[in-house]
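Structural features, examined
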Amino acid sequence: MIKFVKVTKIYSPNTVVLKDVSFEIKKGEFVSIVGKSGAGKTTLVNLILGLEMPTEGEIYFDGLNLNEVDNFKIQEIRRRVGTIYQDYKLLPKKTVYENVAYVMEVEGRETEEIKREVPKILEVIGLKNKINNFPSELSGGEKQRLAIARALVNSPEVIIADEPTGNLDPYNSYEVVSLLKKLNESGKTVVLATHDREIINKLGKRVITIEEGKIVRDEAEGRFII
Amino acid sequence: MFTRFKRVLKFAINDLGRNKGILIASIFVLLATMMLVSGIFFFHGIMDYLITQIQNKIEITVYFKEDVKEEDILMVRDEIIKDFPEIKKIQYISKEQAMADFKKKHKDNPILMRALQEVGKNPLLSSLNIITNGDPLQYESISKTLQISNFSKMIEKIDFFEKKDTINKIYSIISKVNIFGIISGFILVLMAVLVVFSTIKLTIENSKEEISTMRIVGASDWFIKGPFVIQGVIYGIIAFSICFFLSGIISYCLKPQIEDILPGFNVFNYFLTNWWIFVLIQLGFGVGVGVLSALIGVKKYLDI
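Conventions used here
- Residues numbered from 1 in each chain as written.
- Chains lettered and ligands numbered in written order.
- Predicted model: local features only at pLDDT ≥ 70, side-chain atom pairs only at ≥ 80, totals over all residues.
- Helix = DSSP H or I, 4+ residues; strand = E, 2+ residues; numbered from the N terminus.
- Rg over C-alpha atoms; globule rule 2.2 N^0.38 Å.
- Buried ≥ 20, exposed ≤ 12 C-beta atoms within 10 Å, placed from the backbone.
- Pairing = 2+ DSSP bridges.
- Contact = placed C-beta atoms within 7 Å.
- Nonpolar A, V, L, I, M, F, W, Y, C, P; charged D, E, K, R; others polar.
- Axes fitted to C-alpha atoms, helices over the stretch in contact; angles between N-to-C directions.
- Domains from an automatic or database assignment.
- Parallel < 35°, antiparallel > 145°, perpendicular 65-115°, else oblique.
- Left-handed = near helix turned anticlockwise from the far one by under 90°.
- Core = buried A, V, L, I, M, F, W, Y, C linked by C-beta atoms within 7 Å.
- Expected span 1.5 Å × (residues − 1).
- Arc of directions from axis to C-beta.

A tally of helices and strands in chain A yields 7 helices and 10 strands. In terms of C-alpha radius of gyration, chain A reaches 17 Å, essentially the compact-globule figure of 17 Å for 226 residues. Taken along the three principal axes of its C-alpha coordinates, chain A extends 45 × 40 × 35 Å. For chain A, buried positions account for 43% of its 226 residues.

What follows is the structure in structure tokens.
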């Protein structure tokens, strides 16, 4: 599904973020990418989404070389991925309803379908009573639930979560990770970038460890060892 | 396609409604600069009027010999009009008319009046007064053509060569005023464009994080740019409506004061006769700069 071949990302001669990184994530896998802050996890996520381009090497998404595809194809790939971030990346000037509806509108879904589906998913994540609130009026946990609803509403094939529990208390963190596990069990590919030792050790899934931009371990049932 | 456009329009209008502060600030800046641009156009109208007035004061006179008949002079007049289409006005003054004008002009000068009585007969000559667009080359060309034409034997003198230096000086001043007007107008318009551009860019910078999120969820470039571009159009249309209305009101209110300074120049009439140019300038400036600033401002964050 996602393949990195000798990928290097250099911002300036003194800032080499990723160096010669190669790995493959198969369809339906749950892969955690771990490393200290600044190890290159977020850059790796940005590279998968085509938000940044590698300085060297190749990245494939479902067989497509991201270096060779045009902007339209990249946008199409992003629509096949649901993203969850530590800072939520919500649209501050849109209501809870509009934040979720936006990704469906981007996808070109029918208005009737949007009107039907958005309240349903908001009910599932417990935000139906905040439908007309703006993100600034939500708690951290509610914001993350909203970000999850937005990531899932289009039924993406891949979920990428970049430090999704970074701003959450242990209870909300457990909820998020449980949800990611359930999504993976339902057949979705999950990529989780985190530096939360406890979460990784409990998951018992594949772990790729990055240190100073290099992959130092790639274990099928890995643990957090840095 | 239509659904997408409807959605982009809805985003633009919702955002404007939720950012009234930014909306008011952007319209105010656009309005102020639009008024400046309109002011430049009014100034251009005033300068044009002044220059035309000065040009109309420049004329050359062709004096005919005493025995030349009126019909021959009128024939020369018709020939000149045919040969020089750039002539704005050509007027035949008979010697009787010239005398009447002279007497009227100098009626309070007893010495001149007495001298005229002593001469006994009308010493003035019939003439043709010629006014072109003020270009000295045209006056020179008319004078030279008349001197070498078949009519030269009828002509006593042409006063161009006496007035040549004055005409050249006035024409040079007018040309310099025109160039100064174009350069200063260009600089002011450029400043206005930069002010509007910076303001709209700042409002877009405010949405930098939002644009980044839109990219992450896979929105196409036009789905992201669209609302900002439509907002630029809306800023432009609102600012234009206010500016056009204010231009009419201000020109109407300042009409008497400007007529005091520039007799014959009706600033309100100038606005009414050129209303479509005002529409083009104000709407073109407002919408054009609004849209362009939005496109450039958003592009910066789409290219990251």
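Next, the rest of the story.
Now for unusual backbone geometry. Residues and elements named next belong to chain A. Phi angles above zero are rare outside glycine, and K89 is one such case at about 50°. The phi torsion at E163 lies on the positive side, around 50°, for a residue other than glycine. For E163, the position within the fold is in the loop between β7 (158–162) and α6 (170–185). The class for E163 is buried, based on 20 C-beta atoms found within 10 Å.

Residues and elements named next belong to chain A. Taken across its 5 residues, strand β6 (residues 81–85) has 5 buried, putting it largely inside the fold. Alternating positions in β6 separate into two faces, V81, T83 and Y85 on one and G82 and I84 on the other, with burial throughout. Of the strand pairs in this sheet, β6 and β7 are connected by 5 bridges, and their pairing is parallel. Among the inter-strand pairings, I84 is bridged to a residue of β7, identified as A161.

Bringing the interface of chain A and chain B into the picture now. In this assembly, 16 residues from chain A lie in contact with 14 residues from chain B. Sort the elements by how many residues they give to the side of chain A that touches chain B and helix α2 (residues 71–79) of chain A lands first, with 5 residues. Among the residues making up the side of chain A that touches chain B, the classes are represented as 7 nonpolar, 3 polar and 6 charged.

All names here are of chain A. Reading across from one edge, β6-β7-β8-β3-β9-β10 is the order of the 6 strands in this open sheet, with mixed pairing throughout. Here the strands that pair on one side only, and so sit at the sheet edges, are β6 and β10 (214–219). Sheet twist, expressed as the mean angle between neighbouring strand axes with direction ignored, is 15°. Taken together, the 5 bridges between strand β3 (residues 30–34) and strand β8 (residues 189–194) define a ladder with parallel strand orientation. In the sheet register, I33 faces β8, and the bridge partner there is A193. Helix α5 (residues 140–152) rests against β6 and β7 of the sheet, and its axis sits at about 170° to β6. Seen against the sheet, α6 touches β3, β7 and β8 and runs at an angle of roughly 155° to β8.

It is worth spelling out the domain arrangement of chain B at this point. Looking at chain B, the domain boundaries give domain 1 (2–54 + 172–302) and domain 2 (59–162). The gap between the C-alpha centroids of domain 1 of chain B and domain 2 of chain B is 52 Å.

Moving on, we come to the packing of helix α3 (residues 96–107) of chain A against helix α4 (residues 111–124) of chain A. Residues and elements named next belong to chain A. It is at 10 Å that the axes of α3 and α4 come closest, and there the two elements cross at 130°. Accordingly, the angle class assigned to the pair α3 and α4 is oblique. Crossing handedness for the pair α3 and α4: right-handed. In this structure, α3 contributes V96, Y97, V100, A101, M104 and E105 to the contact, and α4 contributes I114, E117, V118, I121 and L122. Residue classes in the contact of α3 with α4 are distributed as 9 nonpolar, no polar and 2 charged.

Turning our attention to the packing of helix α2 (residues 20–57) of chain B against helix α7 (residues 160–205) of chain B. Residues and elements named next belong to chain B. Where α2 contacts α7, the two axes come as close as 10 Å, and the packing angle between them is 175°. Considering their axes alone, α2 and α7 lie roughly antiparallel with respect to each other. When grouped by side-chain class, the residues that make up the contact of α2 with α7 number 19 nonpolar, 7 polar and no charged.

Extensive coverage of α3 of chain A is indicated by the burial of 9 of its 12 residues. At the exit of α3 of chain A stands G108 of chain A, carrying a positive phi of roughly 85°.

What follows is about the environment of H44 of chain B. Residue and element names in this part refer to chain B. Within the secondary structure, H44 is located in helix α2. On the basis of neighbour counts, which here come to 15 C-beta atoms within 10 Å, the residue H44 falls in the partly exposed class. Distance in space between the C-alpha atoms of H44 and S149 is 40 Å, their sequence separation being 105 residues.

In this section: the nonpolar core. Counting residues in each nonpolar core, the largest one holds 97 residues, and the members touching the most others are I48, A149 and V191 of chain A. At 9 residues, helix α9 (residues 221–261) of chain B tops the list of elements feeding residues into this core. Not counting residues within four places of it along the chain, the set of residues in contact with I48 of chain A comprises I2, I59, F61 and I160 of chain A. Residues I58, F64, I73 and I158 of chain B belong to the second largest nonpolar core, which totals 16 residues.

Take the sheet that holds strand β4 (residues 56–61) of chain A next. All names here are of chain A. With antiparallel pairing, 4 strands are arranged side by side in an open sheet as β2-β1-β4-β5. Two strands in the sheet have a free side with no partner beyond their single neighbour: β2 (15–25) and β5 (64–65). Both strand β1 (residues 2–12) and β4 contribute to a ladder of 5 bridges, which runs antiparallel. Residue F4 lies in a different strand from β4, and its bridge partner there is I59.

All names here are of chain B. Tracing the chain through its elements places G236 in helix α9. Of the residues examined, G236 has 25 C-beta atoms within 10 Å and is grouped as buried. Taking the C-alpha atoms as reference points, G236 and G284, separated by 48 residues in sequence, lie 8.4 Å from one another. Contacts of G236, omitting those with residues within four sequence positions, involve L30, L283, G286, V287 and G290.

It is worth spelling out helix α1 (residues 2–18) of chain B at this point. For α1 of chain B, spanning 17 residues, the distance from its first C-alpha to its last is 24 Å, which sits close to the expected 24 Å at 1.5 Å a residue. Every buried residue belonging to α1 of chain B is among R7, V8, F11 and D15 of chain B, and all of these are buried. Summarising the axial view, the buried residues of α1 of chain B lie within an arc of 100°, below the 170-degree limit, and thus occupy one face. In α1 of chain B, the exposed positions angled more than 90 degrees off the buried face are occupied by F2, T3, F5, K6 and G17 of chain B. Packed against the buried residues of α1 of chain B are α3 of chain A together with α9 of chain B.

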